[in-house]
Amino acid sequence: MSVEQVEQELPALPVTFRPTRTRVVLLSVGTVMFAVITAVAFALEKLTAGERISFVLTALLFFGVLALLSRPKVVADDQGVTVVNLTRSRRLEWPEILRVNLRPGDPWVFLDLSDGTSLPALGIQPGIAREHAVRDARSLRALAETRGTGTDNR
């Protein structure tokens, strides 16, 4: 990648990468499911109070799972990157990131780290917005190359 290309792709920091369309779909479906299940619970006259409560709690459980699935993001700032996946967050300094990978067929970005491991970054995923994910991956790669020790040999 040329210096000009890298400079063009560098976003202003701090920047948050997240699958916005996926998040909107998940939270919208969760809200609609909660509303429908709750409405059914109160519309069925033969249900007891306990049964109604169990319907509402089930609806809350469904919404909670979808909200959890909408949580992933990658936040880059001057000091490094915070990767927020489904249940865990990890803070990385720029020199820890050797490479940012989004290969064809990958479900999300993978970060190759200086300790020899790879960290999935679910906040950049090509699911229903492939071009957006590729653009975000390139921006994160450019940041890692200019701020850390990472290199891109392609």
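Procedures and definitions
Residues numbered from 1 in each chain as written. Predicted model: local features only at pLDDT ≥ 70, side-chain atom pairs only at ≥ 80, totals over all residues. Heavy atoms only, no water. Helix = DSSP H or I, 4+ residues; strand = E, 2+ residues; numbered from the N terminus. Buried < 20%, exposed > 50% of the residue type's maximum accessible area, 1.4 Å probe, protein only. Polar contact = N/O pair within 3.5 Å; in protein donor to acceptor, adjacent residues only side chain to side chain. Core = buried A, V, L, I, M, F, W, Y, C linked by side-chain atoms within 4.5 Å. Axes fitted to C-alpha atoms, helices over the stretch in contact; angles between N-to-C directions. Parallel < 35°, antiparallel > 145°, perpendicular 65-115°, else oblique. Contact = heavy atoms within 4.5 Å. Salt bridge = Lys/Arg side-chain N within 4 Å of Asp/Glu carboxyl O. Pairing = 2+ DSSP bridges.

Right, let's get into the environment of Ala137. Note that Ala137 resides in helix H4 (residues 130-147). Ala137 sits 88 residues away from Ala49 along the chain, and the two C-alpha atoms are 50 Å apart.

The subject of this paragraph is the environment of Arg99. Here Arg99 is to be found in strand E5 (residues 97-101). For Arg99, a relative accessible area of 18% translates into the label buried. The spatial distance from the C-alpha of Arg99 to the C-alpha of Val109 is 10 Å, given a sequence separation of 10 residues. In terms of polar contacts, Arg99 uses its side chain to reach the side chain of Asn101, at 2.8 Å.

Each neighbour pair has its own omega, and for Leu13 with Pro14 the value is -5°, a cis peptide bond. Considering the arrangement of structural elements, one finds Pro14 in the loop between helix H1 (3-9) and strand E1 (15-17).

Judged by nonpolar contacts, the single largest core of 22 residues is most densely connected at Val81, Trp94, Ile97, Val109, Leu111, Ile124 and Leu140. For this core, the secondary-structure elements that each account for two or more residues are E1, strand E2 (73-76), strand E3 (80-84), E5, strand E6 (109-113), strand E7 (118-121) and H4. The greatest single-element share of this core, amounting to five residues, is contributed by H4.

Let us look at the packing of helix H2 (residues 20-43) against helix H3 (residues 49-69). Where H2 contacts H3, the two axes come as close as 9 Å, and the packing angle between them is 180°. Taken together, the axis directions place H2 and H3 in an arrangement best described as roughly antiparallel. Packed against H2, whose contacting residues are Leu26, Leu27, Val29, Gly30, Thr31, Met33, Phe34, Ile37, Thr38, Val40, Ala41 and Phe42, the element H3 presents Arg52, Phe55, Val56, Ala59, Leu60, Phe62, Phe63, Leu66, Ala67 and Leu69 at the interface.

On to the pattern of salt bridges, then. What the rule picks out here adds up to four salt bridges. The salt bridge involving Asp115 is made with Arg90; its shortest N-O contact spans 3.8 Å. Linking Asp115 in the loop between E6 and E7 with Arg90 in strand E4 (residues 89-93), this pair joins segments that are 25 residues apart in sequence. Taking relative accessible area as the criterion, Arg90 reaches 32% and is therefore assigned partly exposed. Across the salt bridge formed by Asp106 and Arg103, the nearest N and O atoms sit 3.6 Å from each other. According to the relative accessible area criterion, Arg103 is partly exposed, its value standing at 38%.

An order of E1-E2-E3-E4 is seen for the four strands of this open sheet, with the pairing classed as antiparallel. The sheet is open, and its two borders are formed by E1 and E4, each paired with just one other strand. Ignoring strand direction, the axes of neighbouring strands in this sheet form an average angle of 15°. Bridging between E1 and E2 involves three bridges; their strand directions are antiparallel. Within the sheet, the bridge partner assigned to Thr16 lies in E2 and is Val75. Sitting on the sheet, H4 touches E1, E2 and E3, and the angle it makes with E1 is about 135°.

In terms of burial, E5 is a largely internal element, four of the five residues being buried. Across four bridges, E5 lies against E6 in antiparallel orientation. Bridge assignment links Arg99 to a residue of E6, and that residue is Asp112.

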